[in-house]
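# An overview of the molecular structure
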Amino acid sequence: MLRVLDRHAVGHILRTKEVDAWGVAANRPQLPLAPSLPTAISLLMRLDPLVVRGIGDGPTPAYLEEYLRLNAALDDATTTLVEVLRAQGHAAERVPATAPTNGGKPFPHKTAATSAGLGWIGKTALFVSPLFGPAVRLATVFTDLDLEPGEPVVESGCGACHACVDACPAGCGRDVHWQPGMARDLLFDATACRRHMERSTTVGAAICGICIAACPFSRRH
């Protein structure tokens, strides 16, 4: 049993669960739709690069399988972390990789991730990791464990690149640089994206992945 639950111990737990990157954000002021616990732990797992490379002009069965695999792996990692935190006397609550809340609105994991310093929001409103691009899945654990927060990312790292905007068959991206607190509609046409996924899916799920595969940060890795 752990004697001290600190940043090192949390990192060890997450490494055993094959989490590729993680960070800490202060939940003050409270993040949108977040529980009222002071610390947010943002977890990131990368998509298999070979699966991302195969997306091409649309989602594939392999991409759907990988998407679901990572969701399950993140659920397992967050469940384990919450169990350890609670066993050590801390309050803890997890938000799964894909989970509607508060009338169907999803918790914005990417806001926790940018606040934790793990990356920024790209030109099609996806979270972009400098290590893995948008080819990642995210989940979040909230707790009262006192952990030093990371330095929030407050500007886009996309520069002049607009590969995701050009690749999008629905024309969803607006080629605008993200800033914290910016309304999503200024970056991205979510309605057009949703309609495209509903009309064009060939894998039985409303996912796409084209802009993920187009990003140079995804292709680099």
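Whatever comes next refers back to the structure up there.
Throughout this document, residue positions are counted from 1 along each chain, in the order its sequence is written. Restriction of local features to residues with pLDDT of at least 70 applies here, the model being predicted, together with a cutoff of 80 or more for giving and counting side-chain atom pairs; totals for whole chains, interfaces and linings are based on all residues. Side-chain numbers come from the whole structure's heavy atoms, not from hydrogens or water.

## Points about the overall build of the protein
In plain terms, the rule: Put simply, DSSP H or I for four residues or longer makes a helix, DSSP E for two residues or longer makes a strand, and each gets a number counted from the N terminus. Partly exposed describes any residue whose relative accessible area lies between the buried limit of under 20% and the exposed limit of over 50%, with all areas from a 1.4 Å probe on protein chains only and scaled to the type maximum. Any pair of residues with heavy atoms lying within 4.5 Å of one another is described as a contacting pair. Accessibility throughout is a Shrake-Rupley quantity obtained with a 1.4 Å probe, and a residue counts as covered only by protein chains that appear here. Charge convention: Lys and Arg are scored as positive, Asp and Glu as negative, and His as well as the terminal groups of each chain are ignored. A single reference atom marks each charge: NZ on Lys, CZ on Arg, CG on Asp, CD on Glu.
The helix and strand inventory of the protein stands at nine helices and eight strands. Evaluated residue by residue, the protein yields a buried proportion of 49% over its 221 residues. Residue pairs at least 24 apart in sequence account for 68% of intrachain contacts in the protein once pairs closer than 6 positions are excluded. When the accessible surface of the protein is split by element, carbon and sulfur atoms take 52% of a total near 11000 Å². Looking at the protein, you have 21 positive and 21 negative side-chain charges, and the mean spots of the two groups are 3 Å apart.

## So, unusual backbone geometry
Comment: phi is negative for the bulk of residues other than glycine, and the bulk of peptide bonds are trans. Looking along the chain, the bond that leaves Arg28 and enters Pro29 is cis, with omega of 0°. Here Pro29 is to be found in the loop between strand E1 (21-26) and strand E2 (39-46). We note that Glu18 has phi near 60°; this positive angle belongs to a residue other than glycine. Within the secondary structure, Glu18 sits in the loop between helix H1 (7-16) and E1. Even without being a glycine, Leu33 presents a positive backbone phi close to 65°. Its location among the elements puts Leu33 in the loop between E1 and E2. Exposure remark for Leu33: the relative accessible area of 30% places this residue in the partly exposed category.

## Some thoughts on the pattern of salt bridges
Our working rule: Salt bridge, as used here, is a side-chain nitrogen of Lys or Arg placed within 4 Å of a carboxyl oxygen of Asp or Glu.
Enumeration over the complete set of coordinates arrives at four salt bridges. The salt bridge involving Asp75 is made with Arg94; its shortest N-O contact spans 3.4 Å. One end of the pair, Asp75, is in helix H3 (residues 61-87); the other, Arg94, is in strand E3 (residues 92-95), and 19 residues separate them in sequence. When the shortest N-O distance is used, the salt bridge between Lys123 and Asp175 registers 2.9 Å. Placement of the pair is Lys123 in the loop between strand E6 (120-121) and strand E7 (127-128) and Asp175 in the loop between helix H5 (163-167) and helix H6 (184-187), with a sequence separation of 52 residues.

## Let's talk about the sheet that holds E1
Quick reminder of the rule: The pairing criterion for strands is at least two bridges between them, as found by DSSP. Note on geometry: axes are lines fitted to C-alpha atoms, helical ones only across the stretch in contact, with angles between N-to-C directions running from 0 to 180 degrees.
Strand order in the open sheet formed by four strands is E1-E2-E8-E3, and the pairing between neighbours is antiparallel. The strands lining the two open edges of the sheet, one partner per strand, are E1 and E3. Within this sheet the neighbouring strands show an average axis-to-axis angle of 20°, counted without direction. Here H1 sits on the sheet in contact with E1 and E2, set at roughly 140° to E1. The sheet strands contacting H3 are E2, E3 and strand E8 (136-143), and the helix crosses E8 at an angle near 15°.

## Describing a positive patch on the surface
For clarity, the cut-off: Distance thresholds for patches are 9 Å for like charges and 5 Å for nonpolar side chains (Val, Leu, Ile, Met, Phe, Trp, Tyr), applied to residues having over 30% relative accessible area and no salt bridge.
Together, Arg184, Arg194, Arg195 and Arg199 make up a region of like positive charge exposed at the surface. The element that contributes the greatest number of residues to the positive patch is helix H7 (residues 190-200), accounting for three residues. Locating Arg195 in the fold gives a position in helix H7.

## Description of the environment of Lys110
Assignment of secondary structure puts Lys110 in helix H4 (residues 109-115). With a relative accessible area of 26%, Lys110 lands in the partly exposed category. Spatially, the C-alpha atom of Lys110 lies 9.5 Å from that of Arg137, the residues being 27 residues apart in sequence. Not counting the four nearest positions on each side in its chain, Lys110 is found in contact with Ile121, Ala125, Phe127 and Leu138.

## Structural notes on the packing of aromatic side chains
Note the threshold: By convention, a stacked pair of Phe, Tyr or Trp rings (six-membered ring in the case of Trp) has centres within 6.5 Å and planes under 30 degrees apart, an edge-to-face pair has planes over 60 apart, and any other such pair is tilted. Criterion for a charge above a ring: Lys NZ or Arg CZ within 6 Å of the ring centre, and within 35 degrees of the ring normal.
Taken as a whole and assessed by the stated rule, the structure comprises three aromatic pairs. Look at Tyr63 and Tyr67: their rings are 6.2 Å apart centre to centre, the planes differ by 75°, and that puts the pair in the edge-to-face class. Here Tyr63 pairs with Tyr67, and both are found in helix H3, just four residues apart, close to one helical turn. In this structure, Tyr63 and Tyr67 share a single accessibility class: buried. Ring geometry for Trp120 versus Phe217: centroids 5.3 Å apart, planes at 75°, classification edge-to-face. Of this pair, Trp120 sits in strand E6 while Phe217 sits in helix H9 (residues 216-220), placing them 97 residues apart in sequence. Take Trp120 and Phe217: they sit in the same class, and that class is buried. A cation over an aromatic ring shows up here: Arg220 above the ring of Phe217, its NZ or CZ 4.7 Å from the ring centre.

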